[in-house]
Amino acid sequence: MAQFQHVKIPKGDLIQVAKGQVTAGNRPIIGVLRGDGIGLDITPVMQAVTAAAVKKAFGGQREIVWCSLYAGLEGLQKYGEVLPPETIEAIQYLKVAIKGPFTTPIGEETHVCLHCAHQQNHGKKCDQCGKTDGVTKRFRSINVGLRQAMDLYACVRPIRYFEGVPSPNKYADQVNFIIFRENTEDVYAGHDFERGSEVAEAIIRLVKEKTGRTIRPDSGIGVKPISVTGTKRLVRKAIAWGIAQGLPSVTLVHKGNIMKFTEGSFCKWGYEVAKEEFGDKTVSEKVFWEELGGKMPPGKILIKDRIADSIFQQIQTRPEEYSVLALPNLNGDYLSDAAIALVGGLGLGPGANIGDTAALFEATHGTAPKYAGQDKVNPGSIILSAGMMLEHMGWKEASSCIVKGMERAIKDGYVTYDLARLMRAEGRKEVKELSCSGFGQAIIERM
Ligand code: NAD
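Residues numbered from 1 in each chain as written. Predicted model: local features only at pLDDT ≥ 70, side-chain atom pairs only at ≥ 80, totals over all residues. Heavy atoms only, no water.

Caption draft 1: How the structure looks around the site of the ligand. In the neighbourhood of the ligand, 17 residues make up the surrounding shell, with Phe102, Asn143, Gly366, Ala368 and Asn378 lying closest. One of the backbone N or O atoms of Thr104 is found 3.0 Å from an oxygen atom in the ligand. Protein burial of the ligand: of its 810 Å² of free accessible surface, 68% is covered by the chains. Here the shell around the ligand is composed, by residue class, of eight nonpolar, seven polar and two charged. (Near = heavy atom within 4 Å. Polar contact = N/O pair within 3.5 Å; in protein donor to acceptor, adjacent residues only side chain to side chain. Areas by Shrake-Rupley, 256 points an atom, 1.4 Å probe, with all protein chains shown as cover. Nonpolar A, V, L, I, M, F, W, Y, C, P; charged D, E, K, R; others polar.)

Caption draft 2: The arrangement of helix H13 (residues 417-425) in detail. For H13, every residue scored as buried is listed here: Tyr417, Asp418, Leu419, Ala420 and Met423. Contacts from the buried residues of H13 go to helix H12 (396-411), strand S19 (414-415) and strand S20 (432-433). Looking one or two places after H13, you find Gly427, whose phi comes out positive at around 95 degrees. (Buried < 20%, exposed > 50% of the residue type's maximum accessible area, 1.4 Å probe, protein only. Helix = DSSP H or I, 4+ residues; strand = E, 2+ residues; numbered from the N terminus. Contact = heavy atoms within 4.5 Å.)

Caption draft 3: Representation of a positive patch on the surface in the model. Residues Lys56, Lys404, Arg408 and Lys411 make up a contiguous surface patch of positive charge. Counting residues per element, the positive patch draws most heavily on H12, which supplies three residues. Tracing the chain through its elements places Lys56 in helix H1 (residues 39-58). (Patch = residues over 30% accessible without salt bridge, like charges linked within 9 Å, V, L, I, M, F, W, Y side chains within 5 Å. Salt bridge = Lys/Arg side-chain N within 4 Å of Asp/Glu carboxyl O. Lys, Arg positive; Asp, Glu negative; His and termini not counted. Charge placed at Lys NZ, Arg CZ, Asp CG, Glu CD.)

Caption draft 4: How the structure looks around the sheet that holds strand S4 (residues 65-69). Taken in spatial order, the 11 strands line up as S4-S3-S5-S18-S17-S9-S10-S16-S13-S15-S14 in an open sheet, and their pairing is mixed. Every other strand in the sheet has two partners, leaving S4 and strand S14 (282-284) as the edge strands with one partner each. Each strand axis lies, on average, 25 degrees off the axis of its neighbour in the sheet, ignoring direction. Where strand S17 (residues 350-354) meets strand S18 (residues 359-363), five bridges bridge the pair, whose relative direction is antiparallel. Its bridge partner lying in S18, Ala352 is registered against Phe361. Along the sheet, H1 makes contact with strand S3 (29-33), S4, strand S5 (96-99) and S18, crossing S3 at roughly 155 degrees. (Pairing = 2+ DSSP bridges. Axes fitted to C-alpha atoms, helices over the stretch in contact; angles between N-to-C directions.)

Caption draft 5: Structural context of the nonpolar core. Ranked by size, the top nonpolar core spans 94 residues in total, and within it Phe177, Leu325, Met393, Trp395, Met406 and Ile410 carry the most contacts. When residues are assigned to domains, this core turns out to be shared by domain 1 (1-104 + 141-165 + 345-447) and domain 2 (167-185 + 226-343), each giving three or more. Beyond its immediate stretch of four places on either side in the chain, Trp395 contacts Ala24, Gly25, Asn26, Pro28, Val54, Phe58, Arg62, Glu63, Ile64 and Leu390. (Core = buried A, V, L, I, M, F, W, Y, C linked by side-chain atoms within 4.5 Å. Domains from an automatic or database assignment.)

Caption draft 6: Region of interest: the side chain of Gln119. Inspection of the secondary structure assignment puts Gln119 in strand S7 (residues 119-120). At 2.9 Å, the side chain of Gln119 forms a polar contact with the backbone nitrogen of Ile106. In this view, Gln119 contacts Pro105, Ile106, Gly107, Glu108, Glu109, His111, Val112 and Arg138; residues no more than four positions away in its chain are not counted.

Caption draft 7: Quick look at the domain arrangement of the protein. Assigned domains of the protein: these are domain 1 (1-104 + 141-165 + 345-447) and domain 2 (167-185 + 226-343). A separation of 26 Å is found between the C-alpha centroids of domain 1 and domain 2. Together, the buried faces of domain 1 and domain 2 total about 2000 Å²; carbon and sulfur atoms form 56% of this surface. When residues of domain 1 are sorted by the area they lose upon contact with domain 2, Tyr153, Ile159 and Tyr161 head the list and together hold 38% of the total. Between Arg233 and Asp151 there is a salt bridge whose closest N-O contact spans 2.7 Å. If you list the elements that add at least two residues to the side of domain 1 that touches domain 2, you get strand S9 (154-160) and S17. Looking at the side of domain 1 that touches domain 2, its residues break down into 10 nonpolar, four polar and eight charged. (Buried area = accessible area lost by both parts, 1.4 Å probe.)

Caption draft 8: Molecular detail of the packing of helix H9 (residues 308-317) against helix H10 (residues 329-342). In the contact formed by H9 and H10, the axes pass within 10 Å of each other and the chain directions differ by 15 degrees. Judged by the angle between their axes, H9 and H10 are roughly parallel. Seen along the crossing, H9 lies across H10 with a hand that is right-handed. Together, Ala308, Ile311, Phe312, Ile315 and Gln316 of H9 and Asn331, Tyr334, Leu335, Ala338, Ala339 and Leu342 of H10 make up the contact between the two elements. The class makeup of the residues in the contact of H9 with H10 is nine nonpolar, two polar and no charged. (Parallel < 35°, antiparallel > 145°, perpendicular 65-115°, else oblique. Left-handed = near helix turned anticlockwise from the far one by under 90°.)

Caption draft 9: Region of interest: the packing of aromatic side chains. One pass over the structure, following the stated rule, counts five aromatic pairs. Pairing Phe58 with Trp395 gives two aromatic rings, centres 5.4 Å apart and planes at 70 degrees, and the pair type is edge-to-face. Taken as a pair, Phe58 in helix H1 and Trp395 in the loop between helix H11 (380-392) and H12 lie far apart in primary sequence, 337 residues in all. With respect to burial, Phe58 and Trp395 carry one shared label: buried. Across the ring face of Tyr70, the terminal group of Lys78 is positioned such that the distance to the ring centre comes to 4.8 Å. For Arg446, the ring lying beneath its charged end belongs to Tyr414, and the centroid distance is 4.3 Å. (Phe/Tyr/Trp six-rings, centres within 6.5 Å; stacked < 30°, edge-to-face > 60°. Lys NZ or Arg CZ within 6 Å of the ring centre and 35° of its normal.)

Caption draft 10: Quick look at unusual backbone geometry. Unlike most non-glycine residues, Lys95 shows phi in positive territory, near 75 degrees. Following the sequence through the fold, Lys95 ends up in the loop between helix H3 (85-94) and S5. Even without being glycine, Asp375 reaches a positive phi, approximately 50 degrees. Summarising the element assignment, Asp375 is placed in the loop between S18 and H11.

Caption draft 11: Representation of the packing of helix H6 (residues 228-244) against helix H7 (residues 260-278) within the structure. H7 packs onto H6 with a crossing angle of 55 degrees between their chain directions and a minimal axis gap of 9 Å. The angle between H6 and H7 falls in the class oblique. The two elements H6 and H7 meet at a crossing, and its hand is right-handed. Where H6 approaches H7, its residues Val228, Thr231, Lys232, Leu234, Val235, Arg236, Ile239, Ala240 and Ile243 are matched on the opposing element by Phe266, Trp269, Gly270, Glu272, Val273, Ala274, Glu276, Glu277 and Phe278. Across the contact of H6 with H7, the residue classes tally to 11 nonpolar, two polar and five charged.

As structure tokens, this is what we get:
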């Protein structure tokens, strides 16, 4: 048994992961990080809904054993730091955890308050909320820190429509796909050099010397690495998911027409993984048209590719043609947000960051500090993320209970203020505006 300072590992089964296979036992221990701001409201609701789903599906034979882990405000209060190394060790030990949102300082100020996200230039009591135990020095994003520390290289975002949610898109009801975004490289790798810096100037000189091409001397320079390793492990996960779920296709999305050796290579290496590692289960689009006459053999999955700009059109005009999308980091970031807007956006998009062993499920929205502690906001994102988590553990029956409960609550018009407002604006009459916990209860009653 691992030794921790503040983390208390409860009695239960430690989740095992071998060769991508997750073994959960009947009483798996799962890490839970409450999050800042509205994390206070949504995380306990998620735990109640998840427990009810597991009970409904397995009638008391299985049960989640929650293990509290601390970051953000709770990390600061317990350890004196927002991302304590012990929290990372504990997630790696437990293999599966779920988290609320965390405050990230965005302004220029030296300090931030983790109660209300106010930023200021001193570390005394917060000028906005008056609290003294949440003010700390600026820090780097906890979310990014967690991903990097555990090499959670796949950012996974399922996008689907829930009947009754007002959407700007005519074909919203046909949207049902899952995005696998590479999480560690591309222009997000952090190789970003200021105009006039030594590295920026050296790169400009090197490019001139080696290629004869000129970069304007007053340029800032960003480096965009996309590797075989980073690409193949991401695409491998996307294809394995598509096969396991019996889905019709995996689409490699890239901008290879302009960036041949980064984006173009992502596409090329993606096809290689499909052929080399899943050859008996995949068919490329080229083979599909040229050799199979447009007929898909049963039990196989189609691997296709699309240029990034066209996919932004396609998900709006023919969303039914896509089921799994695999993308490099930057385009994956943009597409995830655009796609969630297609189905009404807001609090309902779930998400996870998954590596070879550890997986961290999360609410995809922020801490919305003005609503914190009011039992008001929509807990849908973290609840659906818990559904993904149950699926990751092989507890599909419990995951389905969550999704069914949510579908029915929304269809019945039993929703939180955000959806209620949109539904009423569309002229819907029979809308019942519920609190955060009330929405959780409505889901439980409809499982
Ligand atoms: P935000 O998502 O917290 O809030 C924007 C607005 O969206 C809110 O004012 C609220 O009206 C609405 N909203 C958000 N979540 C909602 C929910 N569950 N139900 C109903 N309405 C909801 O974004 P922000 O204001 O830009 O950021 C606040 C803080 O959260 C910042 O510190 C930011 O860095 C952080 N943040 C964290 C994450 C994360 O942890 N994954 C993601 C985004 C932002």
